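Structural description and commentary
In case you want the letters, here they are:
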Amino acid sequence: MTPAEKIRHLVDDLAIIDDPQERLAHVVARAKRLAPLPAEARTDANRVRGCVSVVWLAGEMIDGRCSFRCAADSPIVQGLLVLQCEFFSDLTPSEAAACELDPLEATGLLRNLSPTRRNGLASALNAIRAFARTHAT
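Heads up: these notes are all about the structure in this document. (Residues numbered from 1 in each chain as written. Predicted model: local features only at pLDDT ≥ 70, side-chain atom pairs only at ≥ 80, totals over all residues. Heavy atoms only, no water.)

For the rest of this paragraph, the subject is the pattern of salt bridges. This model, assessed by the stated rule, comprises three salt bridges. Notably, a salt bridge pairs Glu 86 with Arg 30, separated by 2.4 Å at the nearest N-O pair. Of this pair, Glu 86 sits in helix 3 (residues 75-88) while Arg 30 sits in helix 2 (residues 20-32), placing them 56 residues apart in sequence. A residue is classified by how much of its surface remains accessible, and Glu 86, at 33% relative accessible area, is partly exposed. Between Asp 44 and Arg 49 there is a salt bridge whose closest N-O contact spans 2.4 Å. (Salt bridge = Lys/Arg side-chain N within 4 Å of Asp/Glu carboxyl O. Helix = DSSP H or I, 4+ residues; strand = E, 2+ residues; numbered from the N terminus. Buried < 20%, exposed > 50% of the residue type's maximum accessible area, 1.4 Å probe, protein only.)

Below, the structure is given as structure tokens:
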């Protein structure tokens, strides 16, 4: 699936929830159903700087494609990070590095967040893109 198709699918999935707070609650609940990031991945090397919350982002290459997992001490941040990770996972490093799309912006989930939270999520997005650039051929 291309990044543009992924964005369309994500926007369509969340568009059925009209209330912004309910949409955010849905994202948080969805993230809680996923397996947590293992303790051994919660290292200083995987720590995302620039976030008010404590955030870890672990990237790996699986069969030539990016795979991202994350953890945060805030349920809201965790939910939003999971969306970012899922969006960029399964893309090739070149696709992820070149992708200017932001799944949180496209879904409108950033609108009701504080500037400090938006800045932290931008730092996580930058970390995802940096990982992809490092592995792009």
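This brings us to the state of the cysteines. In this structure the tally under the stated criterion is zero disulfides. Not part of a disulfide, Cys 51 finds its nearest cysteine sulfur in Cys 70, a span of 11 Å. Residue Cys 51 is classed as buried on the basis of its relative accessible area, which comes to 17%. The thiol of Cys 66 is not disulfide-bonded; the next cysteine sulfur, from Cys 85, is found 11 Å away. (Disulfide = S-S within 2.5 Å.)

On to helix 6 (residues 115-135). Taking 1.5 Å per residue, 21 residues should reach 30 Å; helix 6 reaches 30 Å between its end C-alpha atoms and fits that length. Listing the buried residues of helix 6 in full gives Gly 120, Leu 121, Ala 124, Leu 125, Ile 128, Arg 129, Phe 131 and Ala 132. Tucked inside the fold, the buried residues of helix 6 contact strand 1 (55-62), strand 2 (65-72), helix 3, helix 4 (93-98) and helix 5 (103-106). (Expected span 1.5 Å × (residues − 1). Contact = heavy atoms within 4.5 Å.)

With that out of the way, let us pick up the nonpolar core. By size, the foremost hydrophobic cluster in this structure holds 36 residues, and its most contacted members are Phe 68, Leu 80, Leu 81, Phe 88, Leu 109 and Leu 121. Among the elements of the structure, helix 1 (3-15), helix 2, strand 1, strand 2, helix 3, helix 4 and helix 6 are those that each provide at least two residues to this core. In terms of residues, this core owes the most to one element, helix 3, which gives eight residues. Leaving out residues up to four positions away in the same chain, Phe 88 has contacts with Lys 6, Cys 66, Phe 68, Ala 96, Cys 99, Leu 101, Pro 103, Leu 125, Ile 128 and Arg 129. (Core = buried A, V, L, I, M, F, W, Y, C linked by side-chain atoms within 4.5 Å.)

A few words now on unusual backbone geometry. The phi torsion at Asp 63 lies on the positive side, around 50°, for a residue other than glycine. Not every positive phi belongs to a glycine, and Asp 90 is a case in point at roughly 80°. Following the sequence through the fold, Asp 90 ends up in the loop between helix 3 and helix 4. Note on Asp 90: relative accessible area 53%, which makes it exposed.

A few words on the pairing of strand 1. Inspection of the sheet shows strand 1 paired to strand 2 by eight bridges, in the antiparallel sense. Bridge pairing links Trp 56 to Ala 71 in strand 2. Hairpin connection, strand 1 to strand 2: the antiparallel pair is bridged by two residues, and Asp 63 has positive phi, about 50°. (Pairing = 2+ DSSP bridges.)

It is worth spelling out the packing of helix 1 against helix 3 at this point. As a packed pair, helix 1 and helix 3 sit with axes 10 Å apart at the nearest point and diverge in direction by 145°. In this structure, helix 1 uses Pro 3, Lys 6, Ile 7, Leu 10 and Leu 14 to contact helix 3, whose residues at the interface are Leu 83, Glu 86, Phe 87 and Phe 88. Class assignment of the residues belonging to the contact of helix 1 with helix 3 gives a composition of seven nonpolar, no polar and two charged. (Axes fitted to C-alpha atoms, helices over the stretch in contact; angles between N-to-C directions. Nonpolar A, V, L, I, M, F, W, Y, C, P; charged D, E, K, R; others polar.)

We now examine the environment of Asp 102. Here Asp 102 is to be found in the loop between helix 4 and helix 5. Among all residues touching Asp 102, those that are not within four sequence positions of it are Ile 7, Gln 84, Leu 110 and Leu 125.

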